[in-house]
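# Inside the fold
The chain contents come next:
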Amino acid sequence: MPSPSTAPATGPRTGSLPSNATLTRHPPGSGGRRSPGSFGRRYRGLPGPGHASWTATEGFGTHWDDHDVVVCQVEGAKRWRIYGPTRAAPTWRDTGTPQIPDGEPLADVVLNPGDTLYLPRGWWHAVTADQGAPSLHLTFGLTTQTGADFMTWVIDQLRDDVRFRTDVPRFDTPTAQSAYVTALREAVVTVLDDPAVTDRWARSLDATHYGRPYASLPHLDHVPADPDLTVRLTCPRARLDQNPETGEWTLAAAGTAWDFAAPAGPLLTLLATGRPATLGELAQQAGLAVADTAALVTVLVQGQAAAVSGAGR
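Remember, predicted model here, so these are calculated numbers, not experimental data.

## Here's the deal with the nonpolar core
The biggest cluster of nonpolar side chains holds 29 residues, and the ones touching the most others in it are Val 223, Leu 251, Phe 260, Leu 268, Leu 279, Leu 282 and Leu 300. Top element by residues in this core is helix H9 (residues 290-302). It accounts for five residues. When residues no more than four places from it in sequence are discounted, the contact partners of Leu 279 are Val 223, Pro 224, Asp 226, Pro 227, Leu 229, Val 231, Val 290, Thr 293, Ala 294 and Val 297.

## Topic: the pairing of strand S6 (residues 116-119)
Across the two faces of S6 the burial differs, with Leu 117 and Leu 119 buried and Thr 116 and Tyr 118 not buried at all. Bridging between strand S3 (residues 68-75) and S6 involves four bridges; their strand directions are antiparallel. Looking at the pairing, Val 70 lines up with Tyr 118 of S6.

## Some details on the sheet that holds strand S10 (residues 239-242)
The strand order across the open sheet built from three strands is S10-S11-S12, with neighbouring strands paired in antiparallel fashion. The open sheet has two free edges, formed respectively by S10 and strand S12 (256-260), since each of these has just one partner strand. Neighbour to neighbour, the strand axes of the sheet diverge by 15° on average, direction disregarded. This element, helix H7 (residues 265-272), spans S10, strand S11 (249-253) and S12 of the sheet and lies at about 30° to S11.

## Remarks on the packing of H7 against helix H8 (residues 279-286)
Remark: H7 packs on H8, axes separated minimally by 7 Å, with the N-to-C direction vectors making an angle of 135°. As summarised for this structure, H7 and H8 are arranged oblique, according to the angle between their axes. The element H7 and its partner H8 pack so that their crossing is right-handed. Contact residues: H7 offers Pro 266, Leu 267, Leu 270 and Leu 271, while H8 offers Leu 282, Gln 285 and Ala 286. Considering only residue class, the contact of H7 with H8 consists of six nonpolar, one polar and no charged.

## Thoughts on the environment of Phe 164
Looking at the element boundaries, Phe 164 is found in helix H4 (residues 162-165). Taking C-alpha positions, Phe 164 is 9.7 Å from Tyr 180, a pair spaced 16 residues apart along the chain. Not counting residues up to four positions away in its chain, the partners in contact with Phe 164 are Ile 155, Leu 158, Leu 184, Ala 187 and Val 188.

## Some points on H8
Residues Leu 279, Leu 282, Ala 283 and Ala 286 constitute the buried set of H8. For H8, the angular spread of buried residues about the axis comes to 100°, placing them on one side. Residues of H8 that are buried sit in contact with strand S9 (230-233), H7, strand S13 (277-278) and H9. Taken from the residues just after H8, Gly 287 is the one with a positive phi, measuring 70°.

## Quick word on the environment of Gln 73
As for its placement among the helices and strands, Gln 73 is situated in strand S3. Note: C-alpha distance between Gln 73 and Pro 113 (40 residues apart in sequence) is 4.9 Å. Gln 73 has contacts with Lys 78, Leu 111, Asn 112, Pro 113, Gly 114, Asp 115, Ser 135, Leu 136 and His 137, leaving out every residue within four places of it along the chain.

## Regarding the pattern of salt bridges
On inspection of all chains with the given rule, the structure shows 10 salt bridges. Between Arg 203 and Asp 199 there is a salt bridge, with its nearest N and O atoms 3.4 Å apart. Taken together, the positions of Arg 203 and Asp 199, both in helix H6 (residues 197-207) and four residues apart, correspond to about one turn of that helix. Using a relative accessible area of 39% as the deciding quantity, one classes Asp 199 as partly exposed. Note that Arg 203 is salt-bridged to Asp 241, the shortest N-O span being 2.9 Å. With a gap of 38 residues between them, Arg 203 in helix H6 and Asp 241 in strand S10 connect regions that are remote in the sequence. Residue Arg 203 is classed as partly exposed on the basis of its relative accessible area of 30%. It is possible to trace a salt-bridge network through shared partners that takes in Arg 79, Asp 108 and Asp 130.

## Section: unusual backbone geometry
Omega for the peptide link from Leu 217 to Pro 218 comes to 0°, which places this bond in the cis form. A positive phi is found at Gln 304, a non-glycine position, where the angle reads about 60°. Here Gln 304 is to be found in the loop between H9 and strand S14 (306-310).

## Quick look at the packing of aromatic side chains
Aromatic rings in a pair are described by how distant their centres are and how their planes are angled relative to each other. Scanning all chains against the criterion turns up two aromatic pairs. Look at Phe 150 and Trp 153: their rings are 6.2 Å apart centre to centre, the planes differ by 25°, and that puts the pair in the stacked class. Of the two residues, Phe 150 and Trp 153 both sit in helix H3 (residues 147-157), three residues apart, roughly one turn of that helix. Given the relative accessible area of 15%, Phe 150 is considered buried. Here the aromatic cluster, defined as three or more aromatic residues joined through ring pairs, consists of Phe 150, Trp 153 and Trp 201.

Cut-off values and rules
Residues numbered from 1 in each chain as written. Predicted model: local features only at pLDDT ≥ 70, side-chain atom pairs only at ≥ 80, totals over all residues. Heavy atoms only, no water. Core = buried A, V, L, I, M, F, W, Y, C linked by side-chain atoms within 4.5 Å. Buried < 20%, exposed > 50% of the residue type's maximum accessible area, 1.4 Å probe, protein only. Helix = DSSP H or I, 4+ residues; strand = E, 2+ residues; numbered from the N terminus. Contact = heavy atoms within 4.5 Å. Pairing = 2+ DSSP bridges. Axes fitted to C-alpha atoms, helices over the stretch in contact; angles between N-to-C directions. Parallel < 35°, antiparallel > 145°, perpendicular 65-115°, else oblique. Left-handed = near helix turned anticlockwise from the far one by under 90°. Nonpolar A, V, L, I, M, F, W, Y, C, P; charged D, E, K, R; others polar. Arc of directions from axis to C-beta. Salt bridge = Lys/Arg side-chain N within 4 Å of Asp/Glu carboxyl O. Phe/Tyr/Trp six-rings, centres within 6.5 Å; stacked < 30°, edge-to-face > 60°.

In structure tokens:
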């Protein structure tokens, strides 16, 4: 049955060729814009595969995706036959399989260059390039977090609780097994009763997100004190917070949290915008020496949270 994991293979026989991670290999040019941090926080992944078709044969058949989809038609035209979902909020890892829809599609539309189409997760669709010319479109997969993802994080937090590290008493008495389950339930409820639990979960997602890989060439482990050297933060979901009592700043990104003295705040704030900046600009922003600024950025480069993106003198 067609699904995200069982869609038909594509290639010369079907006349359809998908190219995964197109936008990863081809970043935006000088006029391009990156996704803002708030948008990146809402969606777990933003792949940008391109789909080229040059015959009217369907490349994937009637299928559904386990993430929201935004389609941008680039060249030629493509016909989309859209059906409704047959299972509420289906996921890639699920206990049930959506049934193939019967009857006519809810919509039968043709996308031309410049047209955009949004499909929610689980909506069945069939796509063909049957308009008499080759066709190319880009697909943006918007993957959100589900309750199952949230509970996986909760369980990970509970590994610090000895009750969750204790062996399951599968061969003990029913009374002992019941007491064991009760203890686990109490631990889970304690975590879920925290009013800030969803905020802690969201912060954990952001702080452990590695962002877009960016090679800090040629300065992989040391950033020289060159005021014209351009650097940038590579983790758009990085969290920057200031301790109101001590004035210290904490930058959490790429699975690490760094604490910096108060004077580093303006420098870190500028980096957190995501835009490239020279060491000279960062030093001036914070009133620090270029050498001290380079040392701070070196720490972030070594932690894979920043990278040199432009040559200096």
